[in-house]
Every structure is written in C-alpha cells, then in structure tokens.
Amino acid sequence: MALSVAALAGLLAGAVAVAPATAAAAEPAEEAPELIVNGDFAGGAAPWWWTDNSPGAVVDGRLCAEVPAGTANPWDAIVGQNGLALAAGEGYTLSYSATSTVPVTIRTNVQLAVDPWTQELAATQQVGESAERVSHTFTASADHDAAQLVFQVGGSEQAFTFCIDDVSLRGGTAPPPYEPDTGSPVRVNQVGYLTNGPKSGTFVTEATEPLTWTVNDADGTRRASGTTTPAGVDPTSRQNVHTFDFSAVTTAGDGYTVTVGENQSEPFAIGDDLYDSLRTDALAYFYHNRSGIEIDADIVGEEYARPAGHVGVSPNQGDNDVPCRPGVCDYRLDAAGGWYDAGDHGKYVVNGGISVAQLMAAFERTLTEEHADAAPLGDGKLRLPEHGNATPDILDEVRWEMDFLMRMMVPTGEPLAGMAHHKLHDKAWTGLPTLPDQDPQPRELHPPTTAATLNVAATAAQCARLFAPYDAGFAAKCRTAAVTAWNAAKAHPDILADPNDGTGGGAYPDDDVRDEFYWAAAELFLTTGQDAYRQEVLRSPLHGDTDLVFPRGGMSWGSVAGLGALNLATVPSKLTADQLRSVRSMVTQAADGYAADSARTAYGLPYAPTDGHYVWGSNSQVANNMVVLGTAHDLTGKAVYRDGVLRGLDYLLGRNPLNQSYVTGYGERDSRNQHHRFWANQLDPSLPNPAPGSLAGGPNDAIQDPVAQSKLKGCAPAMCYIDDIESWATNEITVNWNAPLAWVASYVDDLGGGARKQVCEVTYTSTRWGGGFTTQVVVKNTGGETVSPWQLSWTYADTQRLSHPWGATVSQTGPNVVAKSLSWNSTLAPGGTARFGFNGTSSGQVHDPRVFRLNGTPCGVTPAG
C-alpha cells in the first residue's frame with residue numbers, strides 16, 4: 001500500500017478576490033442557516049474568487065469561468081468562496097447546479113483555506129452541458145472560523161467554460177447514514193465452484209430457525225435442496241446469518257443460483273476450468289503497471305495502452321538518473337524499470353520484494369509440486385512483450401522487477417555500499433488522475449534501509465537459482481547481488497525507515513527486521529547450499545516459532561519470514577530430515593490455524609486478525625493465508641487445507657458481508673473504482689476502470705481517508721469498504737495484493753476438479769562422480785489402463801545437461817527433458833514398469849527433479865533406495 005492524498009499547497013496562488021463579502025439574506029426560521037453568500041449571483045460575482053488562469057464573470061445569472069487547456073491537476077484551476085464557519089459535529093448539505101461546455105470531472109471540496117488544506121468534504125462529479133442539481137452531505141469533524149468551498153476544475157487537455165448557479169451550503173442538517181448496496185442476502189462465490197470442491201454460502205436474515213434453500217440450474221430446474229444452519233450474529237459484520245452447503249451438486253454448468261425464500265443469489269458456475277483466466281489476468285496486472293516501457297495496445301488492448309512513464313519525456317522526469325533527497329547522498333542512480341507500487345507512481349523495494357518473491361514462488365511450485373502445471377506460465381503464454389526467448393513468461397515479468405531492485409543498491413565506494421535504497425518516488429503527491437508519462441514531479445531516492453537491503457538479498461538469491469537454467473549470466477548477477485546485499489545488511493543491521501517519511505509516497509516503516517534476516521538467510525541457503533546460511537536460519541529467534549513466522553493476521557511486506565519458511569519446506573535442500581520436518585511442521589501448524597478460522601466463520605474466510613480488526617489491505621492478508629494453506633495441501637494432500645483455500649476464494653469473489661467481488665471483472669458485483677492514478681474512469685470517463693484481475697484492498701476498519709470517514713463511520717470491520725476511487729484506505733490496488741492472488745489462482749486452476757488423479761510412479765536414482773552423474777529411472781503404470789506409447793517429462797531446477805541415454809530416447813531443451821519409449825518397451829500394462837537411464841554433467845548443486853508427467857499426467861515419486 002502507499003498513501004496518496006493529493007497535496008494542495010499553493011491552492012490559492014494567484015486567486016483573485018473580486019469584492020468584500022456582503023451580508024447573507026435572512027432565512028426562514030425552519031431552515032438551517034445558509035453559509036454561502038450570493039449563491040444565486042443576483043448580486044454579481046462578489047465574494048466569489050477564481051484562479052487568475054480562469055477568469056470568471058456572471059453570465060445570464062450564473063458564474064462562469066474560462067478554464068484553459070492543458071492544466072495538469074484539478075487544483076490548477078479553481079472557483080471558490082472563503083470565510084465559511086463550521087461547527088464540529090454539525091451536519092451540512094451542499095447543493096449546486098453546474099455545466100461545462102466539455103464533459104469534465106470536477107472536485108468539490110469544503111476544506112481549510114490554508115495548508116494542510118484539511119477536507120471536511122471531498123467529492124467528485126461529472127459535469128456536462130446539461131445542468132443537474134447536485135447535493136452532498138457531510139458532518140464537520142472540527143470547528144472552523146474560515147473554511148472555504150472550492151470547485152477544482154483543472155486537469156483537462158481541452159479549454160472549456162465552467163458555470164455554477166444556485167450554490168447553497170446549509171448547516172445543522174443531519175446527513176443520511178450511508179447504507180451500502182449489498183444486493184441479495186444470499187451470498188455465494190459469484191464466479192463459481194470447482195466440481196469436486198466444497199460449495200457453501202451465507203444467508204443474511206433475521207430468522208433464527210432453519211430455512212429451506214434450493215439450487216437451480218440456468219433454466220430454473222431444481223438440482224438440490226436443504227435447510228440452512230443458523231449461525232447467529234457474525235461479529236465481523238454484525239449481521240445475523242445462516243450458512244448452507246451444496247457440495248453434493250457436481251454437474252458442471254453455468255447460471256446456477258441459490259434461492260432462500262424469495263431471495264436469489266447472483267449466478268455462478270460449477271466446473272473444472274473456472275480460474276485459468278484469473279491466473280492470466282492476475283499476472284497481467286504487473287505488465288500493466290510497469291514503469292519505463294510503453295504498454296502495448298496489441299498486448300492489452302487500446303483501452304489500456306499508454307506511453308512509457310518516467311523516461312524523461314516532458315513533462316515527465318526520468319528514473320534513469322535519479323538524485324537522492326537533499327542530505328541523503330551525493331550520487332545519482334539509474335533506477336529505471338520496475339513496477340509502480342499502487343495507486344501512485346512510487347516504486348518501493350520492500351513492497352516490490354514480497355511481490356516478486358511470490359511470483360517466483362508461483363513458478364518454483366511447478367518444479368516441486370507434481371500437480372502444478374508450468375505450461376500456463378511458459379514462454380508465449382502471458383500478456384507481455386518478451387515472447388520467443390525460451391524463458392517462461394512469468395520469469396520475464398520477474399526480471400523486470402529484479403533489474404530495478406538491484407539498481408536500487410548503493411554503488412561501490414560509497415559509505416553504505418551494497419545497501420539498498422528503501423524507495424523512489426515523487427517529491428510531492430500528484431493528484432488523480434495522472435498518467436505516468438504526465439507526472440511532472442521531480443523523482444527522489446530515499447535513504448537506504450536494512451529491510452530493503454535484505455529484500456534484495458532474498459529475492460536476488462531466489463532469482464539466481466530460478467534463472468540458472470535459462471540465463472546463466474543474469475543468474476550470476478542475481479547471486480552476486482544477493483551475497484553483496486546480505487553482507488551489507490550484516491554490517492548495518494539496524495538502519496530503519498523513517499515512519500515520518502511519507503511526503504510524495506508511503507513511508508513503509510519497519511522496526512523489526514528479524515523476519516527479513518530469516519527470509520534472506522533461507523533463500524541464500526537454498527541457492528548456495530552453504531552451511532553458514534543454514535546456521536543463520538537455525539539460530540534465528542523466529543525459527544520454530546509458528547506464530548512469529550506465520551502471524552495469525554497473515555504475511556505482509558513487513559512480516560516476510562513465512563516466505564523463507566515456505567520455500568525451505570518445499571524446495572530441495574541440504575536440510576537434515578529432522579530440520580525439514582520442523583520447517584514443514586511450522587507450515588502445517590499455521591495452516592491448521594487458518595483452516596480452523598475458515599471452518600468456524602460464517603463467511604468461511606481464513607482470516608482472524610488480532611482483536612477482530614480488519615487492516616489496510618485485508619484482502620491481501622486473506623490471500624497470503626491461502627498461500628500457506630495451499631502449500632500445506634501440496635505437502636500433505638489433506639483436503640482440509642484445500643477447502644480453506646477455496647472458501648477464502650469464495651470470500652474474495654462475493655461470499656462476504658457486502659456481497660462484493662473484490663476482483664475486477666469477476667462476478668456480477670465486482671469492484672471497479674479502485675484507487676489508481678491512471679485506471680481512473682470514475683474521475684475521467686476517457687480513462688479505463690482497473691484491468692480484469694485487479695484485487696481491491698478490502699475492508700479496513702481504521703478508515704483513514706476522508707471518503708471512508710464520511711461514509712463508513714462506526715462500520716463493522718468486514719463492512720468498512722467502499723468502491724470509490726478516493727477511498728485509498730479501503731480500495732487501493734497494489735502489486736503485493738495481486739501477487740498472492742496470482743499464486744492462489746494458479747494453485748486453484750491446477751486443482752481442476754479437486755481429484756488428484758495419479759496413474760504412475762517414478763523412482764529416480766542419481767549417482768554423482770567427479771563433475772558428472774549417472775541416473776537410473778523406473779516408471780510404473782499404477783493406473784487401470786495400458787499406456788502405449790509412453791513419454792515421461794520433467795524440468796530441472798539447476799544446470800544439469802544429459803547425454804548417452806539408454807532404454808529411451810531422451811531429448812533436452814534448456815531445463816526441460818522428455819524421455820520417449822523405444823519400440824521394444826513402448827507398452828506399459830497396468831502394474832508394468834519401464835527402465836531407462838542416462839549420463840550427464842552439472843555445475844553447482846544438483847537436485848533431483850520432483851515433478852514427472854507420464855503422457856501429461858502427474859506421477860508420484862518414490863524415494864530412491
């Protein structure tokens with residue numbers, strides 16, 4: 001996340017005071033006092049003012065301003081009135097009529113007239129040629145002697161005439177309470193349920209006795225029925241609810257609904273192939289948010305195409321020669337590339353670190369989990385430009401961010417050489433909407449920190465082992481960066497981010513970096529095999545403490561030890577059997593807690609934060625807990641963990657107190673006005689909504705932004721969300737929220753129907769000699785049908801190269817190997833076996849493959865010996 005409140009300094013620069021204020025007319029006794037003077041402009045223009053670039057005049061009884069073309073920000077052109085007295089706790093209603101000769105989106109604020117421009121009302125409105133009466137209500141949070149009303153009308157490429165009339169601000173009226181539109185009280189996953197997975201929902205009702213539910217298919221035919229289970233008052237929403245389960249329905253189809261009484265759910269599907277598009281869309285998010293590259297219409301469509309951002313083309317300033325903030329350093333860095341973090345144009349190492357790590361984990365899972373399919377992540381499969389380079393597309397996306405992270409390192413010869421700068425962003429906040437290529441702000445590096453440096457060490461170490469089979473040079477660069485960053489962090493273990501460094505970008509403070517040290521040591525050990533890094537893991541005060549490694553509220557950019565533990569549990573390494581058991585026990589213990597939370601809550605989500613408080617980005621915490629559950633399922637095959645993942649996905653896609661799918665483009669009631677600088681259709685109809693697959697931050701009961709504060713005051717934790725672009729505390733989108741969504745979508749798509757079909761068993765025995773090895777492979781048909789001919793495929797996670805095969809024709813392309821049967825052993829009857837082998841060479845560590853497929857179907861692996 002990154003806070004993004006537009007800085008309004010200089011708001012009144014050049015403002016023209018046209019006349020002294022005149023007395024307000026007397027009001028009827030039954031009406032609240034009128035605070036606006038001359039709101040009908042019968043007395044001319046006084047006391048209204050305007051910025052000197054937009055001269056105003058009264059025309060036909062309206063105040064009209066001539067707004068020039070090419071203003072960059074909303075506050076670059078303003079019409080306003082000062083001297084408004086507001087009382088804390090009082091309700092106010094602002095109303096007006098407005099027209100514009102060009103369709104525009106304006107901002108209407110009631111705020112302090114001086115820095116820090118604190119807003120009591122912040123609203124947006126689309127205005128065109130037809131005058132429409134607009135009304136906004138709010139409650140003042142403080143006493144003000146001289147607040148101001150401003151219409152911010154800048155930010156358009158075209159010149160236009162803006163007119164207002166009948167402006168009124170009356171006090172003492174209680175604003176109506178905000179009531180979210182939650183649609184049907186029958187809450188389900190609005191996308192759908194896997195054929196053989198759990199299927200459950202929630203019904204909001206005052207009833208305390210069981211009620212009848214029915215499942216109907218698209219043509220209205222009843223497919224199942226039963227009675228609900230009363231669950232009482234859900235503390236997260238304060239709703240009285242029932243639950244229902246229809247897992248027995250396994251017929252694939254679209255357009256299913258659940259009906260309880262006269263209430264019908266949103267439609268959904270049942271099937272095995274429901275989430276392949278979500279995997280692709282969730283990963284496309286990262287290309288959309290790349291910095292320093294044109295986003296190609298041929299890849300994303302005309303709606304989402306845009307020029308490259310921060311490449312030094314006016315008014316934009318480039319990221320290839322960025323200075324530090326004054327007093328931080330005297331050098332400049334080429335820090336081009338990377339991903340824009342969130343709704344703003346900042347690039348943050350600690351947020352980029354967890355995000356790129358989870359993308360790498362989604363790929364590495366295909367090397368270690370027999371039921372994971374690498375094909376949808378392969379070369380030519382994702383929406384990005386780097387096709388045809390024999391590298392999986394997901395690693396191409398990883399490389400875009402890894403290049404940036406390594407560029408953030410302090411150069412050799414400087415006092416903190418090898419450390420990483422915490423972040424890079426604008427000197428001051430920019431407004432919404434602002435495309436990256438139109439951002440005029442100077443760019444600045446912020447001080448190096450231990451947390452950022454360890455993020456580079458961890459991700460670069462993981463990068464080194466994953467790129468080794470595809471690009472040895474880049475892998476070596478990553479490995480060198482990882483070791484350099486680790487050594488720098490050990491030399492400077494307590495350089496922390498300033499929690500007050502939040503102008504122009506989020507501060508991302510973190511006063512405990514034990515988790516970053518744990519994560520980095522784990523990744524360096526897995527990549528190098530060096531015992532020194534293993535000892536760092538084993539000596540960590542976090543090691544073996546499940547609650548510290550996997551917080552109940554979920555992993556986050558500030559709590560990353562779990563990333564290291566998940567990889568220690570799944571990636572082949574030199575851990576002893578007891579050490580591996582201990583790490584895996586942490587994973588399953590954490591998953592047991594998340595699964596229990598999911599099973600006992602009315603909405604099924606695997607999320608039970610401390611004291612019931614939903615935090616900023618709660619949806620990402622839900623998704624991160626789902627990653628732990630999915631990994632536990634991979635390790636054990638236990639359905640309880642799988643079910644926790646699927647119920648969590650149900651929550652994100654509509655089975656929640658707001659009946660809201662938090663993923664754009666998925667479900668009938670999806671979020672589409674998330675806080676973002678260039679996906680800003682709510683403010684500018686010429687701009688798009690967020691791309692499909694974008695995850696909204698979700699409920700946050702701290703409600704830090706003005707929109708949430710005005711609409712959601714007193715909300716139950718799971719109800720503290722509003723799909724409004726200005727609600728940056730509840731409705732932001734970020735790379736570190738989409739990264740676990742991409743992992744989960746990949747996992748769920750791999751589940752298919754949920755049944756783990758296994759028709760083969762492989763025994764792989766490899767013996768080292770000098771710089772080479774000899775391998776014997778036995779493949780057994782454990783299914784009920786004959787396989788003929790057969791071929792066995794696998795992928796190496798290291799640099800092994802094969803030669804001199806026997807018993808099969810063996811071919812290798814990069815890390816990918818295919819062994820095909822010969823004429824004399826091409827038939828594998830049920831229970832039958834085939835044997836073959838080969839010699840080979842390798843540099844560095846040699847790990848036996850963990851995933852084999854017989855004619856495309858996953859095989860089990862029998863330990864050699």
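What counts, and at which threshold
- Residues numbered from 1 in each chain as written.
- Predicted model: local features only at pLDDT ≥ 70, side-chain atom pairs only at ≥ 80, totals over all residues.
- Heavy atoms only, no water.
- Buried < 20%, exposed > 50% of the residue type's maximum accessible area, 1.4 Å probe, protein only.
- Helix = DSSP H or I, 4+ residues; strand = E, 2+ residues; numbered from the N terminus.
- Phe/Tyr/Trp six-rings, centres within 6.5 Å; stacked < 30°, edge-to-face > 60°.
- Lys NZ or Arg CZ within 6 Å of the ring centre and 35° of its normal.
- Expected span 1.5 Å × (residues − 1).
- Contact = heavy atoms within 4.5 Å.
- Pairing = 2+ DSSP bridges.
- Axes fitted to C-alpha atoms, helices over the stretch in contact; angles between N-to-C directions.
- Salt bridge = Lys/Arg side-chain N within 4 Å of Asp/Glu carboxyl O.
- Disulfide = S-S within 2.5 Å.
- Parallel < 35°, antiparallel > 145°, perpendicular 65-115°, else oblique.
- Nonpolar A, V, L, I, M, F, W, Y, C, P; charged D, E, K, R; others polar.
- 1 Å grid on protein atoms, 1.4 Å probe; cavity = no way out; pocket = protein on both sides within 12 Å on 5 of 7 lines; lining within 4 Å.
- Points joined across faces, edges and corners; volume = space filled by probe spheres on them.

Asker: Just to check I follow, could you spell out helix H10 (residues 561-570) for this structure?
Answerer: Structural remark: α-helix, 3.6 residues per turn; residues separated by three or four positions point the same way. For H10, a buried count of 10 out of 10 residues is recorded, marking the element as mostly surrounded by other parts of the structure. Within the sequence span of H10, burial applies to Ala-561, Gly-562, Leu-563, Gly-564, Ala-565, Leu-566, Asn-567, Leu-568, Ala-569 and Thr-570.

Asker: Which parts of the structure should I look at to understand the packing of aromatic side chains?
Answerer: Working definition: an aromatic ring pair is given by the centre-to-centre distance plus the angle between the planes. A full pass over the atoms with the stated rule returns 34 aromatic pairs. Pairing Tyr-193 with Phe-246 gives two aromatic rings, centres 5.2 Å apart and planes at 75 degrees, and the pair type is edge-to-face. Taken together, the positions of Tyr-193 in strand E13 (residues 192-194) and Phe-246 in the loop between strand E18 (239-245) and strand E19 (253-260) put the pair 53 residues apart, joining distant regions of the chain. Each residue in the set Tyr-764, Trp-790, Trp-794, Tyr-796, Phe-836, Phe-838 and Phe-852 is aromatic and connected to the rest through ring pairs, giving one cluster. The ring of Trp-400 carries the charged tip of Arg-290 above its face, separated from the ring centre by 4.6 Å.

Asker: Could you clarify how one ought to interpret helix H1 (residues 276-288) in this entry?
Answerer: A rise of 1.5 Å per residue sets the reference length of H1, with its 13 residues, at 18 Å; its end C-alpha atoms lie 19 Å apart and thus fit the reference within 8%. Buried residues dominate H1, accounting for 11 of its 13 residues. Tucked into the core, H1 has its buried residues touching helix H2 (297-300), helix H3 (349-368), helix H4 (393-407) and helix H15 (735-751).

Asker: In this structure, what is going on with the sheet that holds strand E11 (residues 160-171)? I would like to understand it.
Answerer: Taken together, 5 strands build an open sheet; the order of strands is E3-E4-E11-E6-E9 and the sheet is antiparallel. With one partner strand each, in any of the chains shown, strand E3 (56-59) and strand E9 (132-139) form the two edges of the open sheet. When strand polarity is set aside, the average angle formed by the axes of neighbouring strands in this sheet is 30 degrees. Sheet topology note: the strand E6 (residues 91-100)/E9 ladder contains 8 bridges and is antiparallel.

Asker: Even after reading the chapter, I still don't get the pattern of salt bridges, so can you show me in this structure?
Answerer: Opposite charge on two side chains allows them to pair when their charged atoms are near. All told, the structure shown has 30 salt bridges when counted by the stated rule. Among the salt bridges present, the one from Arg-399 reaches Asp-471, with a minimum N-O distance of 2.7 Å. Of the two residues, Arg-399 sits in helix H4 while Asp-471 sits in the loop between helix H5 (450-467) and helix H6 (472-491), which places them 72 residues apart along the sequence. Note on Asp-471: relative accessible area 23%, which makes it partly exposed.

Asker: Help me understand the pairing of strand E30 (residues 772-781) in this model?
Answerer: Looking along a regular strand, one sees the side chains alternate between the two faces of the sheet. Counting buried positions along E30 yields 7 of 10 residues, so the element is predominantly enclosed. In this sheet, E30 lies alongside strand E29 (residues 760-769) in antiparallel orientation, the contact comprising 10 bridges. Looking at E30, one finds that Arg-768 is bridged to Phe-773. Where E30 lies against strand E35 (residues 833-841), 9 bridges are found, and the strand directions are antiparallel. Directly across from Val-777, in E35, lies its bridge partner Phe-836.

Asker: Looking at this structure, how should I read the state of the cysteines?
Answerer: As used here, a disulfide is simply a covalent bond connecting the sulfur atoms of two cysteines. In this structure the tally under the stated criterion is 5 disulfides. Disulfide pairing is shown between Cys-463 and Cys-478; the S-S distance is 2.1 Å. What sets the handedness of the Cys-463 and Cys-478 disulfide is the S-S torsion sign, and at about 50 degrees it is right-handed. Of this pair, Cys-463 sits in helix H5 while Cys-478 is found in helix H6, placing the two residues 15 residues apart along the sequence.

Asker: Could you clarify how one ought to interpret the packing of H10 against helix H12 (residues 618-636) in this entry?
Answerer: Helix packing for two helices is described by the angle between their axes and how far apart those axes are. At a minimum axis distance of 11 Å, the contact between H10 and H12 shows a crossing angle of 10 degrees. Here H10 lies roughly parallel to H12, going by the angle between them. Counting all contacts with H10, which are made through Leu-566, Ala-569 and Thr-570, the residues of H12 involved are Val-627, Val-628, Thr-631 and Leu-635. For the contact of H10 with H12, the residue count by class is 5 nonpolar, 2 polar and no charged.

Asker: Which parts of the structure should I look at to understand the layout of surface pockets?
Answerer: To find leftover empty space, a probe the size of one water molecule is rolled over the atoms. If you add up the space inside the largest pocket, you get close to 1300 Å³. Taken together, 43 residues make up the lining of the largest pocket; nearest its centre are Tyr-178, Val-707, Ser-710, Lys-711 and Leu-712. Counting residues per element, the ones that place at least two in the lining of the largest pocket are strand E8 (119-127), E9, E18 and helix H14 (706-712). Class assignment for the residues of the lining of the largest pocket results in 19 nonpolar, 16 polar and 8 charged.

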